Amino acid sequence: MIGLGTIVNCGTVAFGTTLGLLLKGGLPQRFEKTILSALALCSFFIGLGGALSQILVVGSDGVSTQYTLLIVLCMAVGAIIGEALDIERRLEGIGEWFKGRIPSNGSGTSTFVEAFVTASLLFCVGAMAIVGSLEDGLNANPSILFAKSVMDGVAAVVFTASLGAGVYLSILALLVYQGGITLLAGFIRPFLSDLLIGQMSCIGSILIFAIGFNLLDSKKIKVGNLLPAMFLPIPFLWLKSIFPWLPW
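Residues numbered from 1 in each chain as written. Predicted model: local features only at pLDDT ≥ 70, side-chain atom pairs only at ≥ 80, totals over all residues. Heavy atoms only, no water.

A.B. asks: Report on the overall build of the protein, specifying residues and quantitative values.
C.D. replies: Check the secondary structure of the protein and you find ten helices and two strands. In sequence order, the secondary structure elements of the protein are arranged as α-α-β-β-α-α-α-α-α-α-α-α. Considering the protein as a whole, with its 248 residues, one finds that 45% of them fall into the buried category. Counting only contacts in the protein whose residues sit at least 6 apart along the sequence, the fraction spanning at least 24 positions is 80%. Carbon and sulfur atoms make up 71% of the accessible area of the protein, which totals about 12,500 Å². In the protein, 13 positive and 13 negative side-chain charges are present, and the distance between their average locations comes to 6 Å. (Helix = DSSP H or I, 4+ residues; strand = E, 2+ residues; numbered from the N terminus. Buried < 20%, exposed > 50% of the residue type's maximum accessible area, 1.4 Å probe, protein only. Contact = heavy atoms within 4.5 Å. Areas by Shrake-Rupley, 256 points an atom, 1.4 Å probe, with all protein chains shown as cover. Lys, Arg positive; Asp, Glu negative; His and termini not counted. Charge placed at Lys NZ, Arg CZ, Asp CG, Glu CD.)

Below, the structure is given as C-alpha cells:
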C-alpha cells in the first residue's frame, strides 16, 4: 500500500507525543533539561554523520572533500531566500494560531510554538524523509519510513515531555511533506539523480546539526529560514549539467 510508511510515521509520532504528555506531569525540570541536552547531542551526531557521508571521499590518496562549494552556495542563497520569505516567523505564526484555538490548562503553553517548529523541522529534514518517501511512492516499500517511524516516535516522547503538546502539530507537517513526496514520487523521481538526492540529504543533515544548537538553548539559529537551501541543489546541479565548467 503506497503511503503506508507516512501513515505509520504519523501514528508513531502521535503515540510518542501522547506518551510524552503522560510523562510530562511527573517529570522534574532537571530531567527535562538533561533529556533535551541528550537529544541535542543526538541531533549533532545524526546531522554530522549524514553531512560527512556526502562530503568526505576516502581514496588511495587519503581523505578529500567534494561538492563543498555547492553546499556553501546552497546555504548562502537559501538563507537569503528564507530570510526574504521569513519562513521561521510564518511557521511560528501557524503554531501561535493553533495555540490560540486549543484549550489550555496553563501548563507548558510557553513552549508550544517551539515544540511545533523544532519537531516539524527534525521530522521532515534529512535523508530518510526524502529517500523513504520516494521508495514508498515508487516501489510501495515503506521499510525506510518504518525505521524512521521508530526514531521519530522516541524523539516525540522526549520533545513532548520537555516542550509540551505542540509536537502534535508536527504530524500535519509530516503528513504534508512526506505524503506529498510519496504521492508525487512517480513524477519527480526521473528528475532526481542519486547525486541530487545525496546533496539535498547533506544539506538536510546540516540543518539537523543546527537544530542541536537550538535545543541546547544556544543563540537561536533560524533553521526554518534555511529550509530553501535543501532544495537549491536542484537548480544548481541543473545548471552544472548545462555548463560543465561551473566550479561546483
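A.B. asks: Mind laying out the pairing of strand β2 (residues 62-65), listing which residues take part and the relevant values?
C.D. replies: For strand β1 (residues 56-59) and β2, the ladder comprises four bridges, and the chain directions are antiparallel. By the bridge assignment, Val58 is partnered in β2 with Val63. Hairpin connection of β1 to β2: two residues between the antiparallel strands. (Pairing = 2+ DSSP bridges.)

A.B. asks: Please provide a residue-by-residue account of the pattern of salt bridges, values included.
C.D. replies: Under the defined criterion, the tally for this structure stands at two salt bridges. Among the salt bridges present, the one from Asp152 reaches Lys148, with a minimum N-O distance of 2.6 Å. Within this pair, Asp152 and its partner Lys148 are both found in helix α7 (residues 143-163), separated by four residues, close to a single helical turn. As far as the burial class goes, Asp152 and Lys148 line up, both buried. (Salt bridge = Lys/Arg side-chain N within 4 Å of Asp/Glu carboxyl O.)

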